[in-house]
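Architecture at a glance
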Amino acid sequence: MNMMNEAKWWQTAVIYQIYPRSFADGNGDGIGDFAGIISKLDYLKALGIGAVWLSSHYPSPQVDYGYDISDYRGVAPEYGTLDQFKEFLEQAHRRDIRVILDMVLNHTSDKHPWFVESRSSLDNPKRDWYIWKKGRGNQPPNDWYSTFGGRAWELDPTTGEYYYHYFFKEQPDLNWNNPEVRQAMWSAVRFWLDMGVDGFRLDAVGTIFEEPSWASHGQPYTSEDLYCIERLAKTDQEKQDALCKWETVFHNQYDQPGVHELMQELRSIVDGYKDRVLIGETDDISYYGHGDDELHMVFNFPLMRVNHLTPHHVLTNQQGRLSQIPVGGWPCNTFGNHDTSRSYSHFGDGVHDAALARQQLVLLLALKGTPVLYNGEEIGMTDYLIRAPSLFRDPLNTYGYRLEMEVLGSSPEQAVWYSAERGRDKCRTPLQWDHTANGGFCPADITPWLPVNPNYAEGVNVADQEKDPGSLLNFYRQAVNVRQQTPALLYGNYTLLETENSDVLAFLRETQEQSVLAVFNFSERRQAVKLSQVGKFSHVLFSTSQPGGDRVTASCLSLQPYEACLILLD
Ligand code: NOJ
């Protein structure tokens, strides 16, 4: 099989996630927008990416910053107009950058006209578009919780019934058992596909259906208990136990019957268009279906969700997933997004952060599958912990602060630190474009929607790094470029190599024409690596520690601390 001819754009492209509120502010109001994004398309092109995944850009009351949509066919006015969106799409396409939108299927905003109608009376034609139930006496319909805290049920005084919400109460779940809901949502999907967008990242696919009998979870824990158990967990074992408890409480609320048929329905719509892609916000391999009838990709979140990357973790992760993904399915790897710690902070150790960031990038680009970058990681943006609760924007920060103060008895200083650490504001601060006030994101006299991380003044900004050949930004550009020029890295097979050295990871990526050896030293010491399986003659394609082009003996290597090295085998 000649993969070169058959590979799809979404298999070979590096995808870059834009969080529109924080990416680039074109009109100087402290909020990112389409004018800003359009002005940065050349920057993205120079980075070598082939597609943008745009976090939710739709009109929204912004309780959950776009993930509470009030109109599936529009653009949030603070981000621009539909015409500006079209301009963005056209300008991106002109540069061979594909555009993947976010699509939130599970829920709408409570301000969406559908919900406003639905809640207005028991016999409103849209009543059944959402999930309404009677309470048990003055208790909610069952004992389920919202994953964002508190009950999953909100009593609506107009009709005296409760509606179900897996996320915030401002995000009522749609009733996907209602055929009109399917029709309305599929028509929104077609609206964007007809316009020419290249696919969707599907938000929270796992939570679309609920256990049909609404059975009790039967657990003694409240959502506040779960927060506290997880927050107090110190050892890996305690953290694992906390996760197990969460799963037993929520098991009726995700991955329920019906969801795979629904994904098949959506896939058949998308397959009616040329070359579009569906990426699920889930790590569950079952969403690949038979490899060609559900989602094209799901995220490999388990790779990202460890505190420290080790060769053992990476290789067990790869062994587990690559063998399970059905033929036709394609892996998708990432180290960060708008819901989680920034990778520079998460995987850094405070001493070797710069080296670790480079190593992770090479790993991400060398693993089999499509790499997804999160905006700002290319300049080493770090988590920024906001120090005043009044500046919190994510309701999860605020929720955490309340629990810290009222339930865990933390001091105000501890409470603000822990809630900032656990909330999502920390990874959503504005992009740092230069070293002027506000990191060049917006004018000096404007307050950005979230504070800018002050480390913009210490070199963590685009303009300074563009000028510095040794910067992380230039490293990203070179590494992405090498990947894009190397067929074996784009679609070669993956073979793990035994190294007898627990600090070293080695694998091959191979097409019929090309073999690339990827080796990584995960330690702060030099490591000698013997690889009997590979031939002798080779040269360095790309390395964090040595110039490309040098001849090396691949079977007997000496790796610098934290070196990541790609070697072309002759
Ligand atoms: C996942 C999104 O990434 C997150 O930001 C959002 O809060 C939830 N889904 C609910 O839509």
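Structural notes, computed from the coordinates. Since the structure is predicted, the reported quantities are computational estimates derived from the model, not experimental observations.

**Description of the environment of Leu 531**
- Here Leu 531 shows up in the loop between β15 (527-530) and β16 (537-543).
- With a relative accessible area of 0%, Leu 531 lands in the buried category.
- With 34 residues separating them along the chain, Leu 531 and Leu 497 place their C-alpha atoms 7.6 Å apart.

**Brief notes about the sheet that holds strand β10 (residues 332-334)**
- The eight strands are arranged β9-β8-β7-β3-β2-β1-β11-β10 in an open sheet whose pairing can be described as parallel. Sheet topology places β9 (297-298) and β10 at the edges, where each strand pairs with a single neighbour.
- When β10 meets strand β11 (residues 370-374), the two strands line up parallel, connected through three bridges. Residue pairing for β11: Cys 332 is matched across the bridge by Thr 370.
- Across the sheet, helix α6 (residues 82-94) touches β2 (51-54) and β3 (98-104), and the angle it forms with β3 is around 140°.
- Running at roughly 145° to β11, helix α15 (residues 353-366) makes contact with β10 and β11 of the sheet.

**Things to note about unusual backbone geometry**
- With phi around 65°, Gln 62 is a residue other than glycine that occupies positive phi space.
- We classify Gln 62 as buried; its relative accessible area is 8%.
- The backbone of Asn 438 shows a phi angle near 55°, a positive value even though the residue is not glycine.
- Residue position: Asn 438 is located in the loop between α17 (412-422) and α18 (462-467).

Scoring rules and cut-offs
- Residues numbered from 1 in each chain as written.
- Predicted model: local features only at pLDDT ≥ 70, side-chain atom pairs only at ≥ 80, totals over all residues.
- Heavy atoms only, no water.
- Helix = DSSP H or I, 4+ residues; strand = E, 2+ residues; numbered from the N terminus.
- Buried < 20%, exposed > 50% of the residue type's maximum accessible area, 1.4 Å probe, protein only.
- Pairing = 2+ DSSP bridges.
- Contact = heavy atoms within 4.5 Å.
- Axes fitted to C-alpha atoms, helices over the stretch in contact; angles between N-to-C directions.

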